[in-house]
2 protein chains.
Amino acid sequence: MRMSELSSRSGVAVPSIKFYLREGILPAGERTSPNQSSYDERHVARLKIIRALIEVGGLSISSAKGVLAAVDDTEMPIDWAFGQAQRAIPGSLVLDEESEESPAALNEELAARSWAISAGNPGRAMVARVLGSYERLGHPELAAVLPAYLDAAETVARADLAAVAASEDRARMIETVVVGTVLGDSLFAGLRRIAQERESRSLFPAPPHIDADCDDDALEAPHE
Amino acid sequence: MRMSELSSRSGVAVPSIKFYLREGILPAGERTSPNQSSYDERHVARLKIIRALIEVGGLSISSAKGVLAAVDDTEMPIDWAFGQAQRAIPGSLVLDEESEESPAALNEELAARSWAISAGNPGRAMVARVLGSYERLGHPELAAVLPAYLDAAETVARADLAAVAASEDRARMIETVVVGTVLGDSLFAGLRRIAQERESRSLFPAPPHIDADCDDDALEAPHE
């Protein structure tokens, strides 16, 4: 197929396709004339992953390259691909370059559960940064959520790995790791906002009257 | 105190303080001479929240203004402040301007739990976007994680609200909502990576030999 069809099939605009070709994350098509190349289903599939990583997941080009290398390297063990995806994904935090110690509160919690986690797991730095911020902002008591959050993280990770293990072949498995790791953070963040509204309503009953200048949506009747 | 001391006390650089003053999100100090103002503890506290919102949480100036208005408006009900913070916070997704329907899979799950959630809850759009991406990327099976994720979100939201309810006064309570909502997403994302490593190790035992060019950290002995 031509580039215009590749664009409509993948949902990626032509200038972006040209950019991904130049950056080498999308392999070149088969040249059919000096100014034209032909693309196939593999290009469509590749562009869909690129779109997930860069346009939806917010990865930089160089991070996406690392993750796609993990997708392409069939020698790479599956748990290693998990680590590659994990390391590539920007948190909602902008992490400092400085190396951060794994926080004592986290280490104690992991030891209590007998969880053996590598020193290089990027989650350690993310947790360190947030607990450090809670401390600096005068909210050290927020660290008390750690055990409940870790219970919830275990539930989520089990569902993540079950989805990975259910994949029919190795390439598909790594694709599931990448897509699910990138997008799963946002899925959970969305569900957290939903669950917060529900808990908030049961703890703090809504006032009888809402100001006219407030957005009516938020206290409207339930959606269903 | 002078601006230089305000800077060292709050950890916010002087040019940033000047910017926040110009933008009106930091109230002016008391003018002591034509070129000098005096600041107090309220300015230190305010700058710490601004830092959390903008420099750590990644909010835009206009989003931060909305959240700070919720902090300042003592008439605003507490569950409303929750909504303000929720709406202001960018997900790891860049959400489209287009309005998105709440997905059927989510509505069914909420109905099964009898959760009454407003149509305007921003979590609905985040979930819609992710499930839509799973579909477009050819991974609709990833939507199967929804019930487990929602269970986990309930656990997390309960811990969030317990932290809010434990705050000693109303101003502090809203501050907890804002800080905990902004930073809690990153805290959970970090713990998810840790829990994924643990689940991944138990499902896919590590290979006996690691290539020399791999980063040793990730398969090292446990940290403790």
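Residues numbered from 1 in each chain as written. Chains lettered and ligands numbered in written order. Predicted model: local features only at pLDDT ≥ 70, side-chain atom pairs only at ≥ 80, totals over all residues. Heavy atoms only, no water.

## Regarding the relation of the copies chain B and chain A
Two copies of a chain can be linked by a rotation about an axis combined with a shift along that same axis. Rotating chain B by 180° and moving it 0.0 Å along the rotation axis overlays it on chain A with an RMSD of 0.1 Å. The two molecules are tied by a two-fold rotation axis, judged by turn and shift. Among all C-alpha atoms of chain B, that of B:A152 lies closest to the rotation axis, at 2.2 Å. When the interface residues of chain B are mapped onto chain A, 100% of them are again interface residues, pointing to one common binding face. (Least-squares fit on C-alpha atoms with pLDDT ≥ 70 in both. Contact = heavy atoms within 4.5 Å.)

## Considering helix α7 (residues 122–136) of chain A
Each full turn of the α-helix corresponds to 3.6 residues, which orients residues three or four apart in the same direction. Residues and elements named next belong to chain A. Between its first and last C-alpha, α7 extends 21 Å over 15 residues, near the 21 Å set by a 1.5 Å rise per residue. Summarising burial for α7: 11 of the 15 residues are buried, a large majority. Three or more residues of α7 are buried, namely P122, G123, R124, M126, V127, A128, R129, V130, L131, S133 and Y134. Sitting at the amino-terminal end of α7 is N121, which places a side-chain oxygen 2.7 Å from the backbone nitrogen of G123. (Helix = DSSP H or I, 4+ residues; strand = E, 2+ residues; numbered from the N terminus. Expected span 1.5 Å × (residues − 1). Buried < 20%, exposed > 50% of the residue type's maximum accessible area, 1.4 Å probe, protein only. Polar contact = N/O pair within 3.5 Å; in protein donor to acceptor, adjacent residues only side chain to side chain.)

## So, the pattern of salt bridges
Taken as a whole, this structure holds 28 salt bridges over all chains when the rule is applied. A salt bridge links B:D160 to A:R192; the nearest nitrogen and oxygen atoms lie 2.9 Å apart. Of the two residues, B:D160 sits in helix α8 (residues 146–165) while A:R192 sits in helix α9 (residues 170–203), which places them in two different chains. Per residue, the accessibility class of B:D160 equals that of A:R192, and both read buried. The salt bridge partner of B:E154 is B:R158, with a shortest N-O separation of 2.9 Å. Of this pair, B:E154 and B:R158 are both found in helix α8, four residues apart, which corresponds to roughly one turn of the helix. (Salt bridge = Lys/Arg side-chain N within 4 Å of Asp/Glu carboxyl O.)

Nothing here speaks to function; it is geometry throughout.
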